[in-house]
Amino acid sequence: MKAVKEIEHGVLLNYFGLGNDFYLALTVLTFFGFDNPDQALSEQELWPFVQGELGPNAILDMGMPKPLAEVLLRGTCFNPGGTPRPASQVGFQVGPIRKTLNVYGNRYWLRRASLPAGISDPEPFVEMPVAYNLAYGGPGYDKNPAGKGFAPVVLPSGQEVFPLPNVEDPRRLIGAPSDHPEPAGFAPLDCAWPQRAKKLGTYDQRWFQTRWPFYPEDMDWTYFNAAPADQRMGGFFGGGEAFIIQGLHRTRPVIESHLPALRQRIFINQLKELGQTGGETVFREVTNRLETVWLFPHAERGIALYRGTAKVQDDEALDVRHLFIATEALPDAPKPIEHYQAEFHRRLDRTVPAELTAAMAAARQELAELADDLRDLPRKIEDGIAANLGQ
């Protein structure tokens, strides 16, 4: 499959089966800045940014359709003016999705005669990551084994203490050691945690004989919704929705902006019959929806993910010869498919301008000469060593 697109278009592809049919999931990623969200940034900027924020092995998105729209956020709580404070609040609102979290300095259960007797005052802090390792959980707590508060820890002094989480949902504050709240955060829930893993369905002999390698019939497709439940909504984003972020930027206590007011158009050029490489093709549009929004407030960056699915003829979509993506501004009327079909063929069939032919020929000659030099390099090194040794 060849993609015909602009440098601003990031692309994810995935494949799945449903019933007796095969589908291709197509995702277009729009990387944007908060100050000018309607001007997409390049894909070359997108992927290094994602790796820097989430890590080289992290999954930004599984590339599969989601039944619900969702917002994901990676952030750090910054106290205003860099002044240490014992507690703060952070939050965001994107369209109808609104969420607030409390952030505290380090706290511990106070004990008398080995019994809990209250909570220590929070230690002042300047900044605190809003991350699951600082939310409720810990070893033995399956819903967040990376967190803190479920089990005691040993301080460098050797003292054993019971910490409290730094990040809490203000609607479900811990009031007693017996409280076991859901982990509070804005980021994706780990796909191995039971909140998501229980939705994968039944993998038994019947599945192996009838559905392998695809998902079982009793799978809950909200498995692919990675955000906490209160960061999802029925329906999908339309584009251009206003958003506001509080307490998650070092110098901007409040950030206001909007999602890209853009419409992504996704088309495929598909063989009518699989296996006929030079056979007749059909150019058709794949309906897509703005399904997922990622926000990185400290960097003033976001990613909007538009996703569509196309029915294909095999489990690798070998009948899809080309993918064509175009972007329109939401205020503009959508252009007809005939316009994009003509543009697709123009882009596919275009030739190199005549004025570039000589320059490209010269460049190829230089590359050929460089290749010859590289092939001769070992012999030249050996001759040089021999000369220096007087041989």
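Bear in mind that the values here come from a model prediction, so they are computed numbers and not experimental data.

Participant: Let's hear about helix H1 (residues 43-54): which residues, and what values?
Facilitator: For H1, built from twelve residues, the straight-helix expectation of 16 Å at 1.5 Å per residue is met to within 8% by its first-to-last C-alpha distance of 16 Å. For H1, every residue scored as buried is listed here: Glu43, Leu46, Phe49, Val50 and Glu53. Each buried residue of H1 lies within a common arc of 120° when the element is viewed along its axis, so the set occupies one face. Counted as exposed and oriented over 90 degrees from the buried face of H1: Gln44, Pro48 and Gly52. Elements in contact with the buried residues of H1: strand S2 (10-18), strand S3 (21-33), strand S21 (288-296) and strand S22 (301-312).

Participant: Explain the layout of surface pockets to me, using residue names and the numbers behind them.
Facilitator: Its boundaries defined by the atoms lining it, the largest pocket holds a volume of some 640 Å³. What lines the largest pocket is a set of 30 residues, among which Leu54, Ile59, Ala187, Pro188 and Trp294 lie closest to the centre. At the level of secondary structure, the elements contributing two or more residues to the lining of the largest pocket comprise H1, strand S4 (69-73), strand S5 (75-78) and strand S10 (127-130). For the lining of the largest pocket, the residue count by class is 19 nonpolar, four polar and seven charged.

Participant: Tell me about the sheet that holds strand S20 (residues 281-286), and name the residues and values.
Facilitator: The sheet built from four strands is open, its strands ordered S1-S23-S19-S20 with mixed pairing. The two strands at the open ends of the sheet, each matched to only one other strand, are strand S1 (2-4) and S20. For this sheet, the mean angle separating the axes of adjacent strands, direction not counted, is 20°. Contacts from helix H4 (residues 337-349) reach S1, strand S19 (262-271), S20 and strand S23 (320-329), with the element oriented near 120° to S23.

Participant: I'd like a description of the pattern of salt bridges, backed by residues and values.
Facilitator: Enumeration over the complete set of coordinates arrives at 23 salt bridges. In this structure, aspartate 230 engages arginine 171 in a salt bridge whose closest nitrogen and oxygen atoms are separated by 2.8 Å. Pair noted here: aspartate 230 is in the loop between helix H3 (205-210) and strand S16 (232-233) and arginine 171 is in the loop between strand S15 (167-168) and helix H2 (194-197), with a separation of 59 residues, a long-range link. Take aspartate 230: its relative accessible area is 28%, and that puts it in the partly exposed class.

What counts as what
Residues numbered from 1 in each chain as written. Predicted model: local features only at pLDDT ≥ 70, side-chain atom pairs only at ≥ 80, totals over all residues. Heavy atoms only, no water. Helix = DSSP H or I, 4+ residues; strand = E, 2+ residues; numbered from the N terminus. Expected span 1.5 Å × (residues − 1). Buried < 20%, exposed > 50% of the residue type's maximum accessible area, 1.4 Å probe, protein only. Arc of directions from axis to C-beta. Contact = heavy atoms within 4.5 Å. 1 Å grid on protein atoms, 1.4 Å probe; cavity = no way out; pocket = protein on both sides within 12 Å on 5 of 7 lines; lining within 4 Å. Points joined across faces, edges and corners; volume = space filled by probe spheres on them. Nonpolar A, V, L, I, M, F, W, Y, C, P; charged D, E, K, R; others polar. Pairing = 2+ DSSP bridges. Axes fitted to C-alpha atoms, helices over the stretch in contact; angles between N-to-C directions. Salt bridge = Lys/Arg side-chain N within 4 Å of Asp/Glu carboxyl O.

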